[in-house]
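So you can see what is in the structure, the chains are spelled out below.
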Amino acid sequence: MTRYKVTSSIDSLDPSPEVDIFDYFHEAEDFICDAVSQRVDHIIQHSPYPISQDEWYQIEENEQQLFKLEEV
């Protein structure tokens, strides 16, 4: 049975990223989507400055790059 490993880092130089194992692809995908959404919301809510739509897209893209999904 194929399982899916999601590695989530805090930033690009994270020495010990969190690793989660899922039995189904859709569970791993949902986990990543939820985590990215939560991170983006946190950044936007705690920003002292207004965030433009373009900045929002950039933040989301940066956060998505911190997740790695692979079959194990």
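In this text the structure is predicted, and so the values were computed from the model without any measurement. (Residues numbered from 1 in each chain as written. Predicted model: local features only at pLDDT ≥ 70, side-chain atom pairs only at ≥ 80, totals over all residues. Heavy atoms only, no water.)

1. Notes on the overall build of the chain
Of regular secondary structure, the chain possesses 2 helices and 3 strands. When the helices and strands of the chain are listed from N to C terminus, the series reads β-β-α-α-β. Its C-alpha atoms put the chain at 45 × 25 × 15 Å along the principal axes. In the chain, buried positions account for 22% of the 72 residues. Taking the contacts inside the chain whose residues are at least 6 apart along the sequence as the reference set, 54% of them involve residues at least 24 apart. (Helix = DSSP H or I, 4+ residues; strand = E, 2+ residues; numbered from the N terminus. Buried < 20%, exposed > 50% of the residue type's maximum accessible area, 1.4 Å probe, protein only. Contact = heavy atoms within 4.5 Å.)

2. Some remarks on the environment of Arg-3
Locating Arg-3 in the fold gives a position in the segment before β1 (4-8). Residue Arg-3 is classed as partly exposed on the basis of its relative accessible area, which comes to 37%. Linking Arg-3 and Asp-30, residues 27 residues apart in sequence, is a C-alpha distance of 15 Å. Aside from chain neighbours lying at most four places away, what touches Arg-3 is Ile-21, Phe-22, Asp-23, Glu-70, Glu-71 and Val-72. Among the polar contacts made by the side chain of Arg-3, one reaches the side chain of Asp-23 at a distance of 3.0 Å. (Polar contact = N/O pair within 3.5 Å; in protein donor to acceptor, adjacent residues only side chain to side chain.)

3. Looking at the packing of aromatic side chains
Counted under the stated rule, the structure contains 3 aromatic pairs. Here the aromatic rings of Tyr-4 and Phe-25 are separated by 5.6 Å at their centres, their planes lie at 75 degrees, and the arrangement is edge-to-face. With Tyr-4 in strand β1 and Phe-25 in helix α1 (residues 25-45), this residue pair connects regions lying 21 residues apart in the sequence. Residues Trp-56 and Tyr-57 carry aromatic rings whose centres are separated by 5.2 Å and whose planes lie at 70 degrees to one another, so their mutual orientation is edge-to-face. By relative accessible area, which is 27% here, Trp-56 ends up partly exposed. (Phe/Tyr/Trp six-rings, centres within 6.5 Å; stacked < 30°, edge-to-face > 60°.)

4. Let's talk about the pattern of salt bridges
Within the structure shown, the criterion is met by 4 salt bridges. Taking the shortest distance from any N to any O, the salt bridge between Asp-23 and Arg-3 comes out at 3.0 Å. Of this pair, Asp-23 sits in the loop between β2 (18-22) and α1 while Arg-3 sits in the segment before β1; the two residues are 20 residues apart in sequence, bridging distant segments of the chain. Judged by its relative accessible area of 33%, Asp-23 falls in the partly exposed class. Notably, a salt bridge pairs Glu-70 with Lys-68, separated by 3.9 Å at the nearest N-O pair. Several salt bridges converge on common partners, so that one network encompasses Lys-5, Lys-68 and Glu-70. (Salt bridge = Lys/Arg side-chain N within 4 Å of Asp/Glu carboxyl O.)

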